Amino acid sequence: MKFRLILMLLAVLCLLGGCAAPDGATTDEGYDDLIVVGFSQVGAESDWRNANTRSMQQALSAENGFRLIIDDAQQKKERQITAIRNFIHQGVDYIVLAPTTEDGWETVLGEAKAAGIPVIIIDRMIDRSLATGEPGDDLFTCWIGSDFTRQGNAAVAWLEGRFGSTPVRIVHLQGNYGSSAQVGRSASLDEGLRRNPQWTLVARDSGDFTQAKGQELVEAYLAQGIGFDVIFAENDNMAYGAIDALKNAGLTPGKDVTIVSFDANRKALEMVAAGEIGFDVECNPLHGPRVKAVIEQLERGEAPLKYTYVEESAFDSQGLSRELIDSRGY
Ligand code: AHR
């Protein structure tokens, strides 16, 4: 009896004042005042990825006028396709996609287009042919991310400067196959191998951008007796795993083996300063404010730039100051 009375009282309060949504929205429907964004995230495979998710959460907060629904695809494209279909079904205002791989998006993005939901791609690229450049034909509104081949070229140029004509044996830890980050960075190393016949590729496998697999791979190479001078790790987490494997085997990273890596997380920059990582190319994950700005443009009826490459830098121990490391946002 008492319980029913409380329920009735709550219902009356809701009718008078509107229902409070979990993220602070106060409307009859729960979220009417907020711009609803469905974000299909690759996963949580790396520190970079987690920083990217946090950046999106901070920028697309309820205080800023957004309701952000995040789906973690655990590095599986099929899960991303399902998530996008769910967002369409829910009738979100915008879809943001951080794609696992470049291919395979045509059908589901066609469905989003048919539903009239703008799609913003971040981080990795999708097959460029899905944007014909003809107004009305494109399957996505815009893309914001990194130039992964440029990043790879910076790492290769540093290795060329460091080793000159000395022969080196290289271990290559790749990201998940088919992702722009893997495709671009691997293409640069392939080009470097063609240009430098004194370089030998002694092992190459995908560590899926994870620390555990980076460590596993390097442990396996050492156990097989493969000798190497350089590890080209396609992200910081795989470099951390590789460093653990080297140390466990009694080797000194930075002395016995030179490591180049990508992302330039704060922890990795500390390792550059300590001489464990030789060179680290920045990959900037802080896309939240950029996505917010794009949505605000679209809300005003303006057309955002189709492709935005973020500015990125690269670091060896010489270019690093304590101030720079401490001010790192991720
Ligand atoms: O696509 C960006 C890459 O994905 C980052 O280099 C890596 O850390 C992440 O998992």
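Since we're looking at a predicted model, the values are computed, not measured.

A. Structural detail: the overall build of the protein chain. Counting its regular elements, the protein chain contains 11 helices and 14 strands. For the protein chain, the residues scored as buried account for 49% of the 330 residues in total. Across the protein chain, every contact between residues at least 6 apart in sequence was considered, and the portion connecting residues at least 24 apart equals 72%. When the accessible surface of the protein chain is totalled, it reaches about 15,100 Å², and 51% of it is carbon and sulfur.

B. Broad picture of the site of the ligand. Looking at the ligand, the residues that line it are Glu45, Ser46, Trp48, Arg49, Asp123, Arg124, Ala181, Arg185, Phe209, Asn235 and Asp263. Between Glu45 and the ligand, the recorded distance is 2.5 Å, taken from a side-chain N or O atom to an oxygen atom. Arg49 has a polar side-chain atom sitting 3.2 Å from an oxygen atom of the ligand. Protein burial of the ligand: of its 290 Å² of free accessible surface, 100% is covered by the chains. Among the cavities detected, the one that contains the ligand is the largest cavity. At the level of elements, helix H2 (47-59) and helix H6 (180-195) are the ones that each hand at least two residues to the shell around the ligand. Three or more residues apiece are contributed to the shell around the ligand by two domains, here domain 1 (34-145 + 286-299) and domain 2 (148-283 + 316-326).

C. Region of interest: the environment of Gln174. With respect to the secondary-structure elements, Gln174 resides in strand E8 (residues 168-174). When its relative accessible area of 4% is taken as the criterion, Gln174 is described as buried. Leave out the neighbours within four places in its chain, and Gln174 touches Gln182, Ser186, Arg204, Asp205, Ser206, Gly207, Asp208, Phe209, Glu234 and Met238.

D. Structural context of the pattern of salt bridges. In the structure shown here, the tally under the stated rule is 19 salt bridges. A salt bridge links Arg124 to Glu45, with the shortest nitrogen-to-oxygen separation between them at 3.7 Å. One end of the pair, Arg124, is in the loop between strand E6 (119-123) and strand E7 (142-145); the other, Glu45, is in the loop between strand E3 (35-41) and H2, with 79 residues separating them in the sequence. With relative accessibility at 2%, the residue Arg124 sits in the buried group. Of the residues examined, Glu45 reaches a relative accessible area of 11% and is grouped as buried. Notably, a salt bridge pairs Arg300 with Glu302, separated by 3.0 Å at the nearest N-O pair.

E. Seen up close, the packing of helix H7 (residues 211-223) against helix H8 (residues 236-248). Contact geometry of H7 with H8 gives a least axis separation of 7 Å together with a crossing angle of 40°. In terms of their interaxial angle, H7 and H8 are classed as oblique. For the pair H7 and H8, the crossing hand works out as right-handed. Residues Gln211, Gly214, Gln215, Val218, Glu219 and Leu222 of H7 lie in contact with H8, whose contacting residues are Asn237, Met238, Tyr240, Gly241, Ala242, Asp244, Ala245, Leu246 and Asn248. Looking at the contact of H7 with H8 residue by residue, the classes come out as 7 nonpolar, 6 polar and 2 charged.

F. A look at empty space enclosed by the protein. Inspection of the entire model under this criterion finds 1 cavity of 30 Å³ or more. Estimated volume of the largest cavity: approximately 100 Å³. Residue lining of the largest cavity: 13 residues in total, with Trp48, Arg49, Arg124, Phe209 and Asp263 positioned closest to the centre. Looking at the lining of the largest cavity, the elements that each hand over two or more residues are H2 and H6. Split by residue class, the lining of the largest cavity holds 5 nonpolar, 2 polar and 6 charged. Counting residues domain by domain, the lining of the largest cavity receives three or more from each of domain 1 (34-145 + 286-299) and domain 2 (148-283 + 316-326).

G. Seen up close, the packing of H8 against helix H9 (residues 266-273). It is the contact of H8 with H9, at a shortest axis distance of 10 Å, that shows an interaxial angle of 50°. The angle between H8 and H9 places the two elements in the oblique class. Judged by the twist between their axes, the crossing of H8 over H9 is left-handed. Residue-level contacts link Asp236, Tyr240 and Ile243 of H8 to Lys267, Ala268 and Met271 of H9. Residue classes in the contact of H8 with H9 are distributed as 4 nonpolar, no polar and 2 charged.

H. Layout of the pairing of E8. Most of E8 is tucked away: 6 of the 7 residues are buried. One ladder, built from 7 bridges, connects E8 with strand E9 (residues 199-206); its direction is parallel. Bridge pairing links Val171 to Ala203 in E9. Traced from E8 through H6 to E9, the parallel crossover comes out right-handed. Relative to strand E10 (residues 230-233), E8 runs parallel, the two being bridged by 4 bridges. Bridging from a neighbouring strand, Leu173 pairs with Ala233 of E10.

What counts as what
- Residues numbered from 1 in each chain as written.
- Predicted model: local features only at pLDDT ≥ 70, side-chain atom pairs only at ≥ 80, totals over all residues.
- Heavy atoms only, no water.
- Helix = DSSP H or I, 4+ residues; strand = E, 2+ residues; numbered from the N terminus.
- Buried < 20%, exposed > 50% of the residue type's maximum accessible area, 1.4 Å probe, protein only.
- Contact = heavy atoms within 4.5 Å.
- Areas by Shrake-Rupley, 256 points an atom, 1.4 Å probe, with all protein chains shown as cover.
- Near = heavy atom within 4 Å.
- Polar contact = N/O pair within 3.5 Å; in protein donor to acceptor, adjacent residues only side chain to side chain.
- 1 Å grid on protein atoms, 1.4 Å probe; cavity = no way out; pocket = protein on both sides within 12 Å on 5 of 7 lines; lining within 4 Å.
- Sits in = over half its atoms within 2 Å of the grid points.
- Domains from an automatic or database assignment.
- Salt bridge = Lys/Arg side-chain N within 4 Å of Asp/Glu carboxyl O.
- Axes fitted to C-alpha atoms, helices over the stretch in contact; angles between N-to-C directions.
- Parallel < 35°, antiparallel > 145°, perpendicular 65-115°, else oblique.
- Left-handed = near helix turned anticlockwise from the far one by under 90°.
- Nonpolar A, V, L, I, M, F, W, Y, C, P; charged D, E, K, R; others polar.
- Points joined across faces, edges and corners; volume = space filled by probe spheres on them.
- Pairing = 2+ DSSP bridges.
- Right-handed = clockwise from strand over helix to strand, strands pointing away.

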